[in-house]
Amino acid sequence: MDIKEKISSYIDEHAEEMVADTMELCRINSVKGEAEPGMPFGKGPSEALAKAAEICGKYGFSVTNYDNYVITADMNDKDRHLDILAHMDVVAAGTGWTVTEPFDPIIKDGRIYGRGSSDDKGPAMAALYAMRAVKELGLPLSKNCRLILGADEECGSSDIAYYYGKEPEAEMTFSPDSEFPLYNVEKGQYRADIHKEFTDQGNGAVLLALEGGTTVNIVPGKAFALVRGVSQADLEAACVRTAEETGVHFEIEKEEEDGFSIYETYRILAEGKGAHASTPEEGKNAALATLKLVLALPLSDCQQMDALRKLWELFPYGDHYGKALGVALSDELSGNTTLSLNILKVDEHSLYAKFDARTCVAADEKNTVEPGAKRLEEAGFTAETAFNPPHVVDADSDFVKTLLSCYEQVTGEPGKTASMGGGTYVHELKRGVAFGAVGEFTDTHMHGPDEFMVIEELKTAAKIFALSIAELCR
Ligand SMILES: [Zn+2]
């Protein structure tokens, strides 16, 4: 038997145990909670780390706990060469579960259902079983492979910031917190908080409020505007026209009379479609459609309306690539820079907006941050900008080539690299890539209700990882 076959039968023989360990971890609600002494992310994440430490210890790996930020499990005490980075915290349970309760994992139709099954407890166990396979099969290693399990991936990755403050980055790192085959390019992230105060107020027909979006990385699917002194007929006509032009649906409600104003007030509710900021094309931005609608109304002129017109010039509905802001760029490696304005909050006194751009590899301070800042300033806004450069690991490196070859040997499918708009766990690492553990075409409802992990895919991942460890640490 060659190494690949030995690994394959080992994983097949231990698949039930791997599933059982995964389910045991999924039973722990490890959503981030209030910090407590010695538990920086609260009880749940610490409990999940403790359970993971117990499992790693049971299979003979030496475990270290880094103050409940992360735990590590080492294969041996040789030179650290390969790190595998996964996480034990999960996103909130949310609603809409139909197959089981979020923290009561079950097996159904060859899948493990439960929060964390695919993000990222199952993949973490696939990595652990890969280490177990290499160890128990006695495959020769001249270097160490370390499993790092974090407890704060979902809320800003302060866990690995802490860990890498104490330990150097390994020669190579992969994170099974994504999909196969392999992501070696992650776009950069460019965001700005935009402000404007108004010193005057319109009379007669005015916009009292416009709000849409609460989370910077989500295209808002809902928004509303509060308008006083515009006739219902004018509002209806504008709603119909804007709906035709944007695909966003509007409803008008008359507000209760306050007894003081001689004008009537209407609330306009907009319903578009939410999407992740890295794929704004898939959404219908309700906040921007509402802005378009408001600008079509016969409202009295004032600083507020002037600011809204200028905002629209920089962020028109449907401009997914930042053309109007002057930051549109694209390259072969990562495609287009994408941009969407995802938070908008306006009243009679001030305006606040925030956009999220995922910048292509070619983007930098000079061609993106500076021109963007210039246009915002020219339009009279104050803006605080944050730019996190893109992440690229050479596709022709031995590391990436070896991982892809292991993927091909186990699956028989062609291995290839890809780029993504979202940042992963390895974004800040120089030599880190996202590798598995979910199959290329499987939607596991990560972060949503009925999250699952396909058991066959978990086994495949464990085999690919074992082969990778055997080759990279030989
Ligand atoms: Zn994850």
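Residues numbered from 1 in each chain as written. Predicted model: local features only at pLDDT ≥ 70, side-chain atom pairs only at ≥ 80, totals over all residues.

## Considerations on the overall build of the protein chain
Let me state the cut-off plainly: Runs of E in the DSSP output that reach at least two residues are strands. Runs of H or I that reach at least four are helices, and both are numbered from the N terminus. Put simply, a residue is buried when 20 or more other C-beta atoms lie within 10 Å of its own C-beta and exposed when 12 or fewer do; between those, it is partly exposed, and each C-beta is set from the backbone. C-beta atoms are placed from the backbone for every residue, and two residues are taken to be in contact when these atoms lie within 7 Å.
When helices and strands are tallied, the protein chain shows 11 helices and 26 strands. In terms of principal-axis extent, the alpha carbons of the protein chain reach across some 85 × 45 × 45 Å. Among the 474 residues that make up the protein chain, the fraction classed as buried is 47%. Across the protein chain, every contact between residues at least 6 apart in sequence was considered, and the portion connecting residues at least 24 apart equals 75%.

## Focus on unusual backbone geometry
The bulk of non-glycine residues show a negative phi, and the bulk of peptide bonds are trans. Cis rather than trans, the peptide bond between D119 and D120 has omega equal to 15°. Within the secondary structure layout, D120 lies in helix α4 (residues 117–136). Between G436 and A437 the backbone carries a cis peptide bond, its omega angle lying at 5°. Positionally, A437 belongs in strand β25 (residues 437–438).

## With respect to the packing of helix α2 (residues 15–26) against α4
The criterion, for reference: Lines are fitted to the C-alpha atoms to define the axes, a helix being fitted only along its stretch in contact, and any angle between axes, read from their N-to-C directions, falls within 0 to 180 degrees. Comment on the angle field: the value is read as roughly parallel under 35 degrees, roughly antiparallel over 145, roughly perpendicular from 65 to 115, and oblique elsewhere. In this scheme, a crossing is called left-handed if the near helix is turned counterclockwise away from the far one by less than a right angle; it is called right-handed if the turn is clockwise. Side-chain classes are defined by residue name, with Ala, Val, Leu, Ile, Met, Phe, Trp, Tyr, Cys and Pro counting as nonpolar, Asp, Glu, Lys and Arg as charged, and the others, Gly among them, as polar.
The contact between α2 and α4 brings their axes to 9 Å, and the two run at 140°. What the angle tells us is that α2 and α4 run oblique. The hand of the α2/α4 crossing is right-handed. On α4, the residues touching M18, D21, T22, L25 and C26 of α2 are S117, K121, G122, M125 and Y129. Of the residues contributing to the contact of α2 with α4, the split by class is 5 nonpolar, 3 polar and 2 charged.

## Some details on helix α9 (residues 365–378)
Operational definition: To estimate the expected span of a helix, count its residues, drop one, and scale the result by 1.5 Å. Taken from the helix axis, the directions to the C-beta atoms give the arc we talk about.
The end-to-end C-alpha distance of α9, which contains 14 residues, comes to 18 Å, matching closely the 20 Å that a straight helix rising 1.5 Å per residue would cover. Residues T368, V369, G372 and L376 constitute the buried set of α9. On an axial view of α9, the arc spanned by its buried residues comes to 80°, and they lie on one face. Counted as exposed and oriented over 90 degrees from the buried face of α9: K366, K374, E377 and E378. Contact partners of the buried residues in α9: β10 (188–197), α8 (303–314), β20 (350–359) and β21 (382–388).

## Here we look at the sheet that holds β20
Strand pairing in a sheet takes place through backbone hydrogen bonds and is either antiparallel or parallel in direction. Threshold: Any two strands between which DSSP finds at least two bridges are classified as paired.
The strand order across the open sheet built from 8 strands is β14-β15-β13-β11-β19-β20-β10-β21, with neighbouring strands paired in antiparallel fashion. Of all strands in the sheet, those bounded by a partner on one side alone are β14 (249–254) and β21. In this sheet, adjacent strand axes meet at a mean angle of 20° when their direction is disregarded. Pairing between strand β11 (residues 206–212) and strand β19 (residues 338–347): 4 bridges, direction antiparallel. Pairing of L210 across the sheet is with V346, part of β19. Across the sheet, helix α7 (residues 286–295) is in contact with β11, β13 (222–228), β14, β15 (265–271) and β19; its angle to β11 comes to roughly 165°.

## Observations concerning the domain arrangement of the protein chain
The condition that has to hold: The split into domains, and so the bounds of each, comes from an automatic or database assignment of domains.
Per the domain assignment, the segments of the protein chain are domain 1 (3–187 + 392–472) and domain 2 (189–387). Each of domain 1 and domain 2 was reduced to a C-alpha centroid, and the two centroids are 39 Å apart. The interface is formed by 7 residues belonging to domain 1 together with 12 residues belonging to domain 2. Here the side of domain 1 that touches domain 2 is composed, by residue class, of 2 nonpolar, 4 polar and 1 charged.

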